[in-house]
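Remarks on the overall topology
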Amino acid sequence: MILNNIVKNCFQKTNVYLISVRNKVTLPSLRYKYEDLEPVISRDIMQLHHSKHHAAYVNNYNATEEKLQQALSQGDANSVLELGSALKFNGGGHINHSLFWEMLTPNSSNTKISDKLNGAIENTFGSFNSFKSQLSAIAVGIQGSGWAWLGCNPTTKHLLLIPCANQDPLKETTGLIPLFGIDVWEHAYYLQYKNARADYVNAIFEIINWNYVSQRFENVTSRN
Ligand SMILES: [Fe+2]
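For the structure given in this document, a descriptive report is provided here. Since the structure is predicted, the reported quantities are computational estimates derived from the model, not experimental observations.

**Thoughts on helix H5 (residues 128-141)**
With 14 residues, H5 should reach 20 Å at 1.5 Å per residue; the first-to-last C-alpha distance of 20 Å fits that figure. Where H5 is buried, its residues contact helix H4 (115-125), strand E1 (146-152), strand E2 (159-165), strand E3 (177-183), helix H8 (197-204) and helix H9 (210-221).

Printed below as a string of structure tokens:
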């Protein structure tokens, strides 16, 4: 994370000075070009999605966090509580999209699902195709905007499929560790797929970075 902002809040209380140094969140660079996910996701969608939508979550989160610091420093409890929903929405948007870009790749055929994750998927959902069908049904069925997730319980190590509304982040909302997610906000597909969300959901399985998803599963299951 780039340290791009230093804020010094000095509170003089007799001879005590408190200095806080804060990092702002930043828009992550993609590991591929906007056009590289075509034909599954068009260049126009990727450019808007990353440089406008994700950037807005980043900017709004940082702006809200500044207001929060100010409210905290003033002991303004009402303002602190009022900022909670904006922090969750914009912070969640940043967390979700940062994961999403890494979970996709133009070279999906050069990535491989690990035997361990594939075995867990087959044990949990019956088969890979059944997993794909169930996750797709959740993604297509989300009313309004949200995400469909494959998550892992960090305690039991069990896999679960679950929807999240809006930009609610999976881990902070449910405790599950996100392994793979599908953004079904209209900004993710409408320019290309129009109202055919199911076609977008079906196509996105062609660009999954299975190396990354498998490593996330390994990270969860190797922890005590
Ligand atoms: Fe999105």
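**Quick word on the packing of aromatic side chains**
All told, the structure shown has 13 aromatic pairs when counted by the stated rule. Ring geometry for phenylalanine 100 and tryptophan 147: centres 5.3 Å apart, planes at 90°, overall edge-to-face. Of this pair, phenylalanine 100 sits in helix H3 (residues 84-103) while tryptophan 147 is found in strand E1, placing the two residues 47 residues apart along the sequence. Taken together, the ring pairs connect Phe125, Phe128, Phe131, Phe180, Phe205 and Trp210 into an aromatic cluster.

**Points about the nonpolar core**
One finds Leu159, Phe180, Ile182, Tyr200 and Ile204 to be the most contacted residues of the largest nonpolar core, which totals 53 residues. Per-element accounting of this core gives the leading share, five residues, to E1. Looking at which domains feed residues into this core, each of domain 1 (42-103) and domain 2 (108-221) supplies at least three. Apart from the residues within four sequence positions on either side, leucine 159 is in contact with Leu117, Ala120, Ile121, Thr124, Phe125, Leu150, Gly151, Cys152, Leu179 and Phe217.

**With respect to unusual backbone geometry**
It is generally the case that most residues other than glycine have a negative phi and that most peptide bonds are trans. The step from glutamate 38 to proline 39 runs through a cis peptide bond, and the omega angle for that step is 5°. Residue placement: proline 39 occurs in the segment before helix H1 (43-73). Positive phi is not limited to glycine here, since lysine 157 has a value of about 70°. As for its placement among the helices and strands, lysine 157 is situated in the loop between E1 and E2. Overall, lysine 157 belongs to the partly exposed group, its relative accessible area being 22%. Unusually for a residue other than glycine, asparagine 166 sits at a positive phi of about 55°. Among the structural elements, asparagine 166 can be located in the loop between E2 and helix H6 (170-174). A relative accessible area of 39% places asparagine 166 in the partly exposed class.

Reading the values: the criteria
Residues numbered from 1 in each chain as written. Predicted model: local features only at pLDDT ≥ 70, side-chain atom pairs only at ≥ 80, totals over all residues. Heavy atoms only, no water. Helix = DSSP H or I, 4+ residues; strand = E, 2+ residues; numbered from the N terminus. Expected span 1.5 Å × (residues − 1). Contact = heavy atoms within 4.5 Å. Phe/Tyr/Trp six-rings, centres within 6.5 Å; stacked < 30°, edge-to-face > 60°. Core = buried A, V, L, I, M, F, W, Y, C linked by side-chain atoms within 4.5 Å. Buried < 20%, exposed > 50% of the residue type's maximum accessible area, 1.4 Å probe, protein only. Domains from an automatic or database assignment.

Everything listed here is a matter of coordinates, which is why it stays silent on function.
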